[in-house]
Amino acid sequence: MAKHTQAHFSKTFDAGLPPAMKEREKMKMEYYMGAKLLEVGINPKSAIYRWTTEPKGSREVWTCSAYWGDSKERVLQEEQA
C-alpha cells in the first residue's frame, strides 16, 4: 500500500475578520496540522506548508496543505519552474 505524502485541512471564516485574527487563526491551523502529522509519524518540521484561500460570498475557505516525501519534492520543483 502506498504511503500518503500530503494532508489538507480546511476551515471557513468570515471574510471581514481583522488581519490580526486571521494571522492567529492561521497559526492555530498550522499547529493543528503539525499535531496531526505527529500522530501519523511524520515530523512536522520535515513538511512544507502551503495555503489557499477561496472566497465564498461573505466567507472564505482557508486550506492548509502539508507536503512531505515525494509530494514535497514535486511541489518544490513546480514552484521553481
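Whatever comes next refers back to the structure up there.
Owing to the predicted nature of the structure, the values given are computational and were not obtained by experimental measurement. (Residues numbered from 1 in each chain as written. Predicted model: local features only at pLDDT ≥ 70, side-chain atom pairs only at ≥ 80, totals over all residues. Heavy atoms only, no water.)

## Some remarks on the packing of aromatic side chains
Reasoning step 1: The tally for this structure, following the rule as stated, stands at 2 aromatic pairs.
Reasoning step 2: For the ring pair Phe9 and Tyr32, a centre distance of 4.7 Å and an interplane angle of 40° mean the geometry is tilted. Linking Phe9 in strand β1 (residues 6–14) with Tyr32 in helix α1 (residues 19–39), this pair joins segments that are 23 residues apart in sequence.
Reasoning step 3: Classification of Tyr32 as partly exposed rests on a relative accessible area of 39%.
Reasoning step 4: Pairing Phe13 with Trp62 gives two aromatic rings, centres 4.5 Å apart and planes at 45°, and the pair type is tilted. Here Trp62 lies in strand β3 (residues 59–67) and Phe13 lies in strand β1, a separation of 49 residues in the sequence. There is no split in this pair, since Phe13 and Trp62 are both buried. (Phe/Tyr/Trp six-rings, centres within 6.5 Å; stacked < 30°, edge-to-face > 60°. Helix = DSSP H or I, 4+ residues; strand = E, 2+ residues; numbered from the N terminus. Buried < 20%, exposed > 50% of the residue type's maximum accessible area, 1.4 Å probe, protein only.)

## Brief notes about the environment of Ser58
Reasoning step 1: Relative to the helices and strands, Ser58 resides in the loop between β2 (48–56) and β3.
Reasoning step 2: With 23 residues separating them along the chain, Ser58 and Ala35 place their C-alpha atoms 30 Å apart.

## Observations concerning the environment of Thr52
Reasoning step 1: By the secondary structure assignment, Thr52 is in strand β2.
Reasoning step 2: Considered as a pair, Thr52 and Lys3 are 49 residues apart in the sequence and their alpha carbons are 24 Å apart.
Reasoning step 3: Setting aside chain neighbours within four positions, we find Thr52 in contact with Val61, Trp62 and Thr63. (Contact = heavy atoms within 4.5 Å.)

Any link to function would need more than the numbers given here.
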